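Spelled out, the chains give:
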Amino acid sequence: ERGVKELDSRFSSPLEKTSPPFLGCPSGSPSPNSMLRVLLSAQASAARLSGLLLLPPVQPCCLGPGKWGDRPPGGGLHAGPVQGLQRLLEQARSPGELLRWLGQNPTKVRAHHYPVALRRLGQLLGSQPRPPPVEQATLQDLSQLIIRNCPSFDIHTIHVCLHLAVLLGFPSDGPLMCALEQERRFRLPPKPPPSLQPVLRGGQRLEAALSCPRFLRHPRQHLIRSLAEARPEDLTPHVMVLLAQHLARHRLREPQLLEAIAHFLVVQETQLSSKVVQKLVLPFGRLNYLPLEQQFMPCLERILAREAGVAPLATVNILMSLCQLRCLPFRALHFVFSPGFINHISGTPHALIVRRYLSLLDAAVELELPGYRGPRLPRRQQVPIFPQPLITDRARCKYSHKDIVAEGLRQLLGEEKYRQDLTVPPGYCTDFLLCVSSSGAVLPVRTQDPFLPYPPRTCPQGQAASQPTTHDPAQRVVLMLRERWHFCRDGRVLLGSRALRERHLGLMGYQLLPLPFEELESQRGLPQLKSYLRQKLQALGLRWGPEGG
């Protein structure tokens with residue numbers, strides 16, 4: 001036998017248009033015979049009946065035309081009789097005849113014949129306004145035949161028989177349903193024996209909490225409770241790294257947990273390598289949180305001095321986190337900008353990412369550290385910092401307000417008066433950039449250089465470095481989308497990378513116009529958004545259209 005083939009409606013018998021549906025088994029029915037009659041009480045179309053109960057007949061393993069049934073390509077000894085029995089079952093005129101064909105031909109009955117018999121039974125009961133009476137003994141004998149042979153059924157045949165038996169009204173606690181359900185369970189893959197759960201204490205409990213699926217829904221409460229119950233000696237570097245990564249990944253700015261990580265870093269300073277430290281420091285920069293732990297920065301400076309030459313990428317990653325916190329140590333900058341360090345990383349697989357990070361550090365030195373007098377990244381080594389929108393923005397583009405804001409600006413100003421996703425030196429991507437004259441008129445971007453000079457021109461003596469001067473009378477206004485995922489989970493503090501970008505653009509002389517997600521989400525439709533943008537631009541003194549030039 002080749003088993004059960006797919007069900008095929010091409011060989012199903014036509015149903016009368018007045019065929020009633022099988023709606024399920026009523027509770028408290030005394031016998032299968034009465035249950036079948038109750039199931040036939042409602043009226044419905046033949047299409048619904050066939051879709052609800054009468055599955056297409058099981059297509060046998062032998063296909064192809066033949067007088068006495070279909071034979072396999074090589075000619076099988078029992079192919080004709082097996083197929084002939086299926087046709088006899090499909091053409092049976094009463095439940096008793098069905099049972100007779102199955103009982104008188106034991107050597108020709110195959111597993112797929114039993115779903116055919118159950119299906120034909122449903123057709124017989126559903127094809128006439130007054131179905132023929134079904135003897136209790138007939139149903140019991142049919143059940144016993146299926147029960148006796150179901151150990152040889154495959155899982156598909158068992159599922160089909162279960163489905164048909166339920167719809168025919170066989171009781172769920174009866175012998176037929178119990179036997180089929182038992183065989184179905186036997187076919188399921190074995191479950192591994194439950195392991196004895198050890199008693200978790202301290203760091204093990206915290207690690208288990210970090211790995212728990214439920215933790216994702218209530219992260220803060222579980223973490224704080226687990227950390228509070230853990231003893232200091234139980235907090236291993238692996239556990240604290242898991243904690244730091246989870247806070248950074250889910251943008252959880254939890255001061256208690258961040259302070260715990262900072263304290264652990266200080267206490268375990270001599271035991272931690274820079275590859276571990278980079279992971280522990282990551283959430284501080286990403287979440288824009290400078291810990292209150294007084295030894296935090298001195299500890300990191302000592303680790304950088306000790307490990308800088310051992311792991312170049314880890315060293316730069318630590319400095320990137322400190323750059324977001326505006327806490328760059330001069331001694332470490334001297335080292336990473338030295339010719340020896342730059343030559344050392346040039347031939348490594350991560351050379352490009354290190355050069356990108358060094359370019360950002362060089363921009364931070366240029367804009368935020370006027371007192372630095374050490375080496376800088378050579379111009380030939382510099383690369384664009386962020387040449388395209390960040391990964392999080394690309395991944396969540398369908399949730400972003402950028403498209404509707406772009407359409408609002410297009411209808412409000414015209415396409416020639418703004419630029420979208422323009423990357424300005426040293427490599428920051430802007431959402432929308434406008435060029436504005438000294439009188440406040442929005443100018444066509446094609447007539448202006450949209451870039452401000454970088455590095456900014458030297459300020460006159462006595463003027464703050466944070467106030468760069470330009471001789472270009474046109475201002476550059478940057479509309480900054482502040483989407484929900486640009487903030488920590490509490491929605492009030494910008495992530496470190498976003499705050500760094502806005503800070504550097506402002507220091508280079510760009511006028512920033514933030515568009516917070518709360519305000520954008522409150523606009524209902526494009527007309528309201530256009531009115532909102534008009535108010536924002538007019539608040540800056542901008543003019544456009546006939547009156548604005």
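The shown structure was predicted, so the numbers you read here are calculated from the model rather than taken from an experiment.

Time to look at the overall build of the protein chain. Across its full length, the protein chain holds 23 helices and five strands. Every one of the 549 residues in the protein chain was classed for burial, and the buried ones make up 47%. Counting only contacts in the protein chain whose residues sit at least 6 apart along the sequence, the fraction spanning at least 24 positions is 72%. Working note: accessible area of the protein chain is about 28100 Å², and carbon and sulfur atoms make up 54% of it.

One finds Leu 265, Leu 280, Leu 328, Phe 337 and Leu 358 to be the most contacted residues of the largest nonpolar core, which totals 73 residues. If you tally residues by element for this core, the top one is helix α18 (residues 351-368), at eight residues. With near-sequence residues (within four places) excluded, Phe 337 lies in contact with Ile 342, Leu 358, Leu 361, Asp 362, Val 365, Tyr 372, Pro 375, Arg 376 and Leu 377.

Time to look at the confidence of the model for the protein chain. Overall, the predicted model of the protein chain reaches an average pLDDT of 78, with 70% of residues at or above 70. Across residues 196-200, confidence stays below pLDDT 50; counting only partners more than four residues off in sequence or on other chains, it has three contacts.

A few words now on the pairing of strand β4 (residues 475-482). With seven of eight residues buried, β4 lies mostly within the body of the structure. Here five bridges tie strand β2 (residues 428-436) to β4, and the two strands are oriented antiparallel to one another. Within the sheet, the bridge partner assigned to Cys 435 lies in β4 and is Arg 476. Across six bridges, the pairing between β4 and strand β5 (residues 511-516) is parallel. Paired with Leu 481 across the bridge in β5 is Leu 515.

Below, the discussion takes up the packing of helix α7 (residues 155-168) against helix α8 (residues 175-187). Packing of α7 against α8 brings their axes to within 10 Å, and their N-to-C directions diverge by 150 degrees. Judged by the inter-axis angle, α7 sits roughly antiparallel to α8. When the axes of α7 and α8 are compared, the crossing they make is left-handed. Where α7 approaches α8, its residues Ile 155, Ile 158, His 159, Cys 161, Leu 162, Ala 165 and Val 166 are matched on the opposing element by Leu 176, Met 177, Leu 180, Glu 181, Glu 183, Arg 184 and Arg 187. Taken together, the residues of the contact of α7 with α8 break down into nine nonpolar, one polar and four charged.

All right, on to the pattern of salt bridges then. Summed over all chains, the structure comprises 16 salt bridges. Put simply, Glu 97 and Arg 93 hold a salt bridge, and the shortest N to O gap is 3.6 Å. Exposure remark for Arg 93: the relative accessible area of 68% places this residue in the exposed category. By sharing partners, the salt bridges in this structure join Lys 402, Asp 421, Asp 431 and Arg 501 into a single network.

Turning to helix α13 (residues 274-286), a few remarks are in order. Each α-helix turn comprises 3.6 residues. Residues three or four places apart therefore point the same way. Counted at 1.5 Å a residue, the expected span for α13 with its 13 residues is 18 Å, and the 18 Å between its end C-alpha atoms agrees. Of all the bends in α13, the greatest reaches close to 30 degrees and is centred on Leu 280; the proline Pro 283 follows between one and four positions later. Of all the residues in α13, the buried ones are Ser 274, Val 277, Gln 278, Leu 280, Val 281, Pro 283, Phe 284 and Gly 285. On its buried side, α13 packs onto α11 (237-249), α12 (255-267), α14 (296-307), α15 (312-324) and α21 (496-507). One or two steps after α13, the chain reaches Asn 288, where phi turns positive at roughly 60 degrees.

A few words on unusual backbone geometry. Note the cis peptide between Pro 425 and Pro 426, where omega equals 5 degrees. Its place among the elements puts Pro 426 in the loop between β1 (419-424) and β2. Each neighbour pair has its own omega, and for Tyr 454 with Pro 455 the value is -5 degrees, a cis peptide bond. Here Pro 455 shows up in the loop between β3 (442-443) and β4. Look at Asn 288: it is not a glycine, yet its phi comes out positive at around 60 degrees. Among the secondary structure elements, Asn 288 is positioned in the loop between α13 and α14.

This brings us to the packing of aromatic side chains. Under the criterion given, the structure shown has six aromatic pairs. Plain terms: the ring middles of Phe 284 and Phe 296 are 5.0 Å apart, the flat faces sit at 50 degrees to each other, and that makes the pair tilted. Residue Phe 284 is found in helix α13, and its partner Phe 296 is found in helix α14; the two are separated by twelve residues along the sequence.

The next point concerns the environment of Gly 440. Within the secondary structure, Gly 440 is located in the loop between β2 and β3. A relative accessible area of 7% places Gly 440 in the buried class. If we skip the residues at most four places from it in the chain, Gly 440 touches Gly 541, Leu 542 and Arg 543.

Here the focus is α21. Given a rise of 1.5 Å per residue, twelve residues ought to cover 16 Å, and the 16 Å separating the end C-alpha atoms of α21 matches this to within 8%. Of all twelve residues making up α21, ten are buried, and the element is well covered by its neighbours. Two residues or fewer after α21 comes Gly 509, characterised by a positive phi angle close to 110 degrees.

For Arg 356, the position within the fold is in helix α18. Among the residues examined, Arg 356 registers a relative accessible area of 25% and is labelled partly exposed. Among the polar contacts listed, one links the side chain of Arg 356 to the backbone oxygen of Ile 385, at a separation of 3.4 Å.

Let us now look at the side chain of His 504. By the secondary structure assignment, His 504 is in helix α21. Polar side-chain contacts of His 504 include one of 3.2 Å to the side chain of Glu 368. Residue contacts for His 504: discarding those within four places in its chain leaves Ala 363, Ala 364, Leu 367, Glu 368 and Tyr 428.

Counting through the fold element by element, Arg 373 comes out in the loop between α18 and α19 (391-395). Sequence-wise, Arg 373 and His 334 are 39 residues apart; in three dimensions their C-alpha atoms are separated by 9.2 Å.

What follows deals with the packing of α13 against α15. Running from amino to carboxyl end, α13 crosses α15 at an angle of 20 degrees, the nearest separation of the two axes being 8 Å. As summarised for this structure, α13 and α15 are arranged roughly parallel, according to the angle between their axes. Judged by the twist between their axes, the crossing of α13 over α15 is left-handed. In this structure, α13 contributes Ser 274, Lys 275, Val 277, Gln 278, Val 281, Leu 282, Gly 285 and Arg 286 to the contact, and α15 contributes Leu 313, Ala 314, Asn 317, Ile 318, Ser 321 and Gln 324. Residue classes in the contact of α13 with α15 are distributed as six nonpolar, six polar and two charged.

Calculation criteria
- Residues numbered from 1 in each chain as written.
- Predicted model: local features only at pLDDT ≥ 70, side-chain atom pairs only at ≥ 80, totals over all residues.
- Heavy atoms only, no water.
- Helix = DSSP H or I, 4+ residues; strand = E, 2+ residues; numbered from the N terminus.
- Buried < 20%, exposed > 50% of the residue type's maximum accessible area, 1.4 Å probe, protein only.
- Contact = heavy atoms within 4.5 Å.
- Areas by Shrake-Rupley, 256 points an atom, 1.4 Å probe, with all protein chains shown as cover.
- Core = buried A, V, L, I, M, F, W, Y, C linked by side-chain atoms within 4.5 Å.
- pLDDT = per-residue confidence, 0-100.
- Pairing = 2+ DSSP bridges.
- Axes fitted to C-alpha atoms, helices over the stretch in contact; angles between N-to-C directions.
- Parallel < 35°, antiparallel > 145°, perpendicular 65-115°, else oblique.
- Left-handed = near helix turned anticlockwise from the far one by under 90°.
- Nonpolar A, V, L, I, M, F, W, Y, C, P; charged D, E, K, R; others polar.
- Salt bridge = Lys/Arg side-chain N within 4 Å of Asp/Glu carboxyl O.
- Expected span 1.5 Å × (residues − 1).
- Bend = angle between axes of the 7 residues up to and from the residue.
- Phe/Tyr/Trp six-rings, centres within 6.5 Å; stacked < 30°, edge-to-face > 60°.
- Polar contact = N/O pair within 3.5 Å; in protein donor to acceptor, adjacent residues only side chain to side chain.

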